[in-house]
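Fold and geometry: a report
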Amino acid sequence: MGKRSLPRGIRRRPSRRALIAAGVLAVLLVLTAAVAWWTGHDKRAGPATPRPSASASTNTDTTTAPPADGALPTTPVPGPPSIGDPLAFAKAGAVMLWAFDARTTTHAQQLAGMRAWMTTESAYADWDSIQAQVPDPVLWSRLADNGQHATAVAGEAHFPSAFKQALADDPAAITKAYIYAVTVRGKTKLAWNGGGSGAEDRQVTLAVQCRPGTDCRLVAVAPRVAP
């Protein structure tokens, strides 16, 4: 069967919170050098986050929010790892975002699983940018009908050059929120009913929060990849 091009996900008009988060990310990219200083990591790492593909890549503005009572459905999406290293966590987060299995996971379960990765600090969390990585409920149901599922691997992760320069200019700036910008590169492999399959190189810039002595958490997905 011929190779299909993979869908690019659902694009939504950015909300006010998303624009604010983008501004925060821009600042982060002006803070980044402290990351290398704080972690002493070798700057290599890299999981990736899969975006479901479908033969019909319908674009809608439908958004599903968690239940109002705060109760989240049981989810098969792997939970966040206990990691204090921004690079390693960003790789794991990218893989979580890129991988999916519409055969066994509902749209609500996928969002609930992703939400578990988020920072609990509402001043920084940009949930809109995270859930925008998931197709709307209608498209998700089509993915399920087609038996679509994807695996992902992260090959490399690094702090963007602007972020490193900013941190070099002001190392203490990172200590306000301990949010790091990390760019991850990797690959996804997709399969669907009838033996269809495909692969795609992926890259994403994530904002992750790693306060000293605590596990890292996801903050946002940047609107564009930072080199």
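Now for a look at the structure at hand. (Residues numbered from 1 in each chain as written. Predicted model: local features only at pLDDT ≥ 70, side-chain atom pairs only at ≥ 80, totals over all residues. Heavy atoms only, no water.)

Some remarks on the state of the cysteines
Selection criterion: Working definition: a disulfide is two cysteine sulfur atoms within 2.5 Å of each other. With a 1.4 Å probe rolled over the protein chains alone, any residue whose accessible area is under 20% of its type maximum counts as buried; one over 50% counts as exposed, and the rest are partly exposed.
Applying the stated rule across the entire model yields one disulfide. At a sulfur-sulfur separation of 2.0 Å, the disulfide partner of Cys210 is Cys216. Taking the sign of the S-S torsion, about 115° here, the bridge from Cys210 to Cys216 comes out right-handed. Judged by relative accessible area, Cys216 falls into the buried class, the value being 0%.

A look at the environment of Val225
Applicable threshold: Put simply, DSSP H or I for four residues or longer makes a helix, DSSP E for two residues or longer makes a strand, and each gets a number counted from the N terminus. The contact rule is simple, with two residues in contact once any of their heavy atoms fall within 4.5 Å.
Within the secondary structure layout, Val225 lies in the segment after strand 5 (217-221). Once the C-alpha coordinates of Val225 and Val184 are considered, the two residues, 41 residues apart in sequence, prove to be 8.9 Å apart. Setting aside residues up to four positions removed in sequence, Val225 forms contacts with Thr183, Gln203, Val204 and Thr205.

Here we look at the pairing of strand 4 (residues 196-209)
For clarity, the threshold we go by: A pair of strands counts as paired when DSSP detects no fewer than two bridges linking them.
A large share of strand 4 lies buried, amounting to 10 of its 14 residues. The pairing of strand 3 (residues 179-192) with strand 4 spans 14 bridges and is classified as antiparallel. From the neighbouring strand, Lys187 faces strand 4, where its bridge partner is Asp201. Between strand 3 and strand 4, which follow one another and run antiparallel, lie three residues, and Gly194 among them has a positive phi close to 85°.

Description of the nonpolar core
Where a protein is soluble and globular, its nonpolar side chains tend to be buried together. What counts, and what does not: What we call a nonpolar core is a set of buried Ala, Val, Leu, Ile, Met, Phe, Trp, Tyr and Cys residues that are connected through their side-chain atoms within 4.5 Å.
Membership of the largest hydrophobic core comes to 41 residues, with the highest contact counts inside it found for Ile130, Tyr180, Val182, Val184, Leu206, Val208 and Leu218. The element that contributes the greatest number of residues to this core is helix 3 (residues 86-98), accounting for seven residues. In this structure, Leu206 is in contact with Ala90, Gly93, Ala94, Leu97, Tyr180, Ala181, Val182, Leu218, Ala220 and Val221, ignoring residues within four places of it in sequence. Membership of the second largest hydrophobic core comes to six residues, among which are Tyr124, Ala177, Ile179 and Ala220.

Re the sheet that holds strand 3
Here we have five strands laid out as an open sheet, ordered 1-2-3-4-5, and antiparallel in their pairing. With partners counted over all chains shown, the strands left at the sheet margins are strand 1 (100-101) and strand 5, one partner each. By the bridge criterion, two bridges tie strand 1 to strand 2 (residues 149-158) in an arrangement that is antiparallel. For Phe100, the partnering residue across the bridge sits in strand 2 and is Ala150.

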